[in-house]
Every structure is written in C-alpha cells, then in structure tokens.
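# Fold and contact review
So the chains spell out like this:
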Amino acid sequence: MTHPHVTDKHPGELADVPGWFPPLDQMLFTWFLERQHKQGTHGDLLELGVYMGKSAILLGRHLRPGETFTVCDLFEGEAPDGANQAETAKSYSSLTRQAFERNYLSFHDTLPKVIAAPSSVVAEKVAPDTCRFVHIDASHLYEHVHGDIGAAHDILLPDGIVVLDDFRSEHTPGVSVAAWEAVLNRGLRPVCLSTQKLYGTWGDPEPLQEDLLEMLRRRTDVGLSVQEAAGHRLIRTRSRGMKPPPFPTSRHYVAPVPAPAPAETAEPRAARPARPAPSRARRLARDLLPPLVTRAVRRARASRA
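All figures in this text were calculated on a predicted structure; none of them were measured in a lab.

Structurally, Leu-234 is set in strand E9 (residues 232–239). For Leu-234, a relative accessible area of 10% corresponds to the buried category. With 41 residues separating them in the primary sequence, Leu-234 and Leu-193 have C-alpha atoms 7.1 Å apart. Ignoring anything within four residues of it in the chain, the contact list for Leu-234 reads Pro-190, Leu-193, Ser-225, Val-226, Gln-227 and Ala-229.

This is how it looks when you write it as structure tokens:
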C-alpha cells in the first residue's frame, strides 16, 4: 500500500471507496463471515487499520444484534515512533477520520466503535476472547505486526479467524516475517492464502478448509492449489477474472443515466407495386395493332407513287 488516494465525495457503491480490497478477498471475507452465521458463531468484529473504510464497510454488514464492531487507526494522530511516522506520511497522508466516517455512514446507519490511536492500545480497549473475526491491516513494520498478532491471539475466540494483510508484498517484508513466525512459532494455523492476505486460526483449521475447498472447487473464477509446508496444509487461491460479490449500494447512489438510443435509420423506400397483368383486349391490341399500322403505311405510300 504505497499510493495514497484522495476522496471528498460520498461513495455510491463499495467500488467507489478508495482502498486495496480485491474481489477475491471480498468473496473470502463474505464466505467466512456467512459461514460463522450459519454455524451460529457469535462474537465481535475488529479491524486494525481502516484506511478509507472499504473492508470495514463490508465487515459492518455482517454485524449482528448484540455484537460490537471496533476499528482502530491512527487517522491524523501521532505515530508511536519515527519509523511508523515515516510510513504514515508516505502511504496514508490522505487518511482522515472524517473521510472514513463519511464513507462508512454512506452504507450504515451508525458508526463502529472507533479507536483513534496506535494499534498497540487495542489489547486495553477490547476484552480477551470476545471476537470471532479480526482483520489486521495497520502498520507494516515487523515490531508492530508482531504485537498486533499477539493482541489478536488474546482477543479472538478459540475458533475465530484472523486475516493478515500484505503478508507477501515485496514492500512489506516485516509483515511476511511476522506472519510466518506466527505460523512456525506462535501456534497460528493457516486456513488459506489469497494473493494479498493470509487467513488463519488458532483453532482447528481442518473443518474450515474442507468447507472452503468444497466451495472453491465449484467456482470457475478462482485458481486453486493445495500444498504442504512445515506440517501445514496451505490452500492457495488467486482470481481468474473474478467479479466482486454483490453488495448494497449506498444511500448516495445515483443510477447512471441510460445512454441515448441510437438514431433511427431512414425507412427504405417502399417498393413500387407490381403492374397488373394486361387484360385480354390489351393483349390483342398489343399483338395486332403494329401489323395493321404497318400495312396502312405501306398502302399510303403505294397510292402516292
């Protein structure tokens, strides 16, 4: 995430919200959250790092009565250290709390619980064993991601889902190190990998993976492979021209004006009606008149001679 976006308009559709949230991850978020609903799993939602709110807007749609959705971001606040401040200035200079809230309220009636602070404070603000889904997309620096993963472990329910963004991007090696360290040394069990995100759990991943494979194998817009590494089954997914899943439009949506109809072409000239067939009298006149005229002309010439 290195290119800041600027927005000062109310979005009409989720696609209008700036941010990095590919259709593949929109589909996977939706699948995991809907599966939790079908399984009767209750718990809160948490997102660390919201940018302009694109993924938060989708998460908020899956919030059920009695649950809490918490988001945490620096927004315009001071970063906790110089490296984080430099990262924020480079990639998130256009981010403001006002922009996030404007985008979120375009799709929802109420805001989530907003923590405007470094993600390191979230462990103090969100109780342990309360969340069923945590999305980590805050700082890309190893020390911060390491801390965020530790907080997610404590905050998640035993079978909750954690999603780590940018775990394989070339410009975020700190996330890669922290993510795979968590897999190898901290008990995190990968469920699947997308091009951009690692989905994992500290619970049993096998039931999740079996259901996920069943769904993915029915789709033609997902590339799929399964590998084994260090005792973990890794389900790798990639988009094959995938379209984002359906999502309701915002309260500010304006339907596009239909394109004008093409100009009508001139109707072809009506064909000339066929002449009626000549009557019997006309046919006789046509056949007999020329010889009679010829004979009359000959007689007149003979009389003059």
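Don't stop here, the text continues.
Summed over all chains, the structure comprises 9 salt bridges. Residue Arg-35 pairs with Asp-211 through a salt bridge whose shortest N-O separation is 3.0 Å. Placement of the pair is Arg-35 in helix H1 (residues 23–38) and Asp-211 in helix H8 (residues 206–216), with a sequence separation of 176 residues. Its relative accessible area of 16% is what places Arg-35 among the buried residues. Given a relative accessible area of 29%, Asp-211 falls into the partly exposed group. Of the charged contacts, one joins Glu-67 and Arg-64 as a salt bridge, the two residues approaching to 3.6 Å between their closest N and O atoms. Connected via shared salt-bridge partners are Arg-64, Glu-67 and Arg-132.

As enumerated under the stated definition, the model contains 11 aromatic pairs in all. Consider the rings of Phe-32 and Tyr-199, whose centres lie 5.3 Å apart with planes at 15 degrees: the pair is stacked. Taken together, the positions of Phe-32 in helix H1 and Tyr-199 in strand E7 (residues 197–201) put the pair 167 residues apart, joining distant regions of the chain. What makes Tyr-199 buried here is its relative accessible area of 0%. Seen from their ring centres, Phe-167 and Trp-180 are 6.1 Å apart, and the 65 degrees between their planes marks the pair as edge-to-face. One end of the pair, Phe-167, is in the loop between strand E5 (156–165) and helix H7 (173–185); the other, Trp-180, is in helix H7, and 13 residues separate them in sequence. In this structure Phe-167 comes out as buried when scored by relative accessible area, which is 4%.

Our focus in this paragraph is the side chain of His-140. Note on placement: His-140 falls in the loop between strand E4 (131–136) and helix H6 (142–155). Looking at His-140, the relative accessible area reads 9%, which means it is buried. Polar contacts involving the side chain of His-140 include one to the side chain of Asp-166, which spans 3.1 Å.

A few words on the pairing of E7. Counting buried residues along E7, 5 of its 5 residues qualify, which places the element largely inside the surrounding structure. Alternating residues of E7 divide into Lys-197, Tyr-199 and Thr-201 and Leu-198 and Gly-200, and every residue in both groups is buried. For E5 and E7, the ladder comprises 4 bridges, and the chain directions are antiparallel. Among the inter-strand pairings, Leu-164 is bridged to a residue of E7, identified as Leu-198. Here 4 bridges tie strand E6 (residues 189–193) to E7, and the two strands are oriented antiparallel to one another. Bridge pairing in E7 places Leu-193 opposite Leu-198. As consecutive antiparallel partners, E6 and E7 are separated by 3 residues.

Each value, and the rule that gives it
Residues numbered from 1 in each chain as written. Predicted model: local features only at pLDDT ≥ 70, side-chain atom pairs only at ≥ 80, totals over all residues. Heavy atoms only, no water. Helix = DSSP H or I, 4+ residues; strand = E, 2+ residues; numbered from the N terminus. Buried < 20%, exposed > 50% of the residue type's maximum accessible area, 1.4 Å probe, protein only. Contact = heavy atoms within 4.5 Å. Salt bridge = Lys/Arg side-chain N within 4 Å of Asp/Glu carboxyl O. Phe/Tyr/Trp six-rings, centres within 6.5 Å; stacked < 30°, edge-to-face > 60°. Polar contact = N/O pair within 3.5 Å; in protein donor to acceptor, adjacent residues only side chain to side chain. Pairing = 2+ DSSP bridges.

Just distances and angles here, no functional claims.
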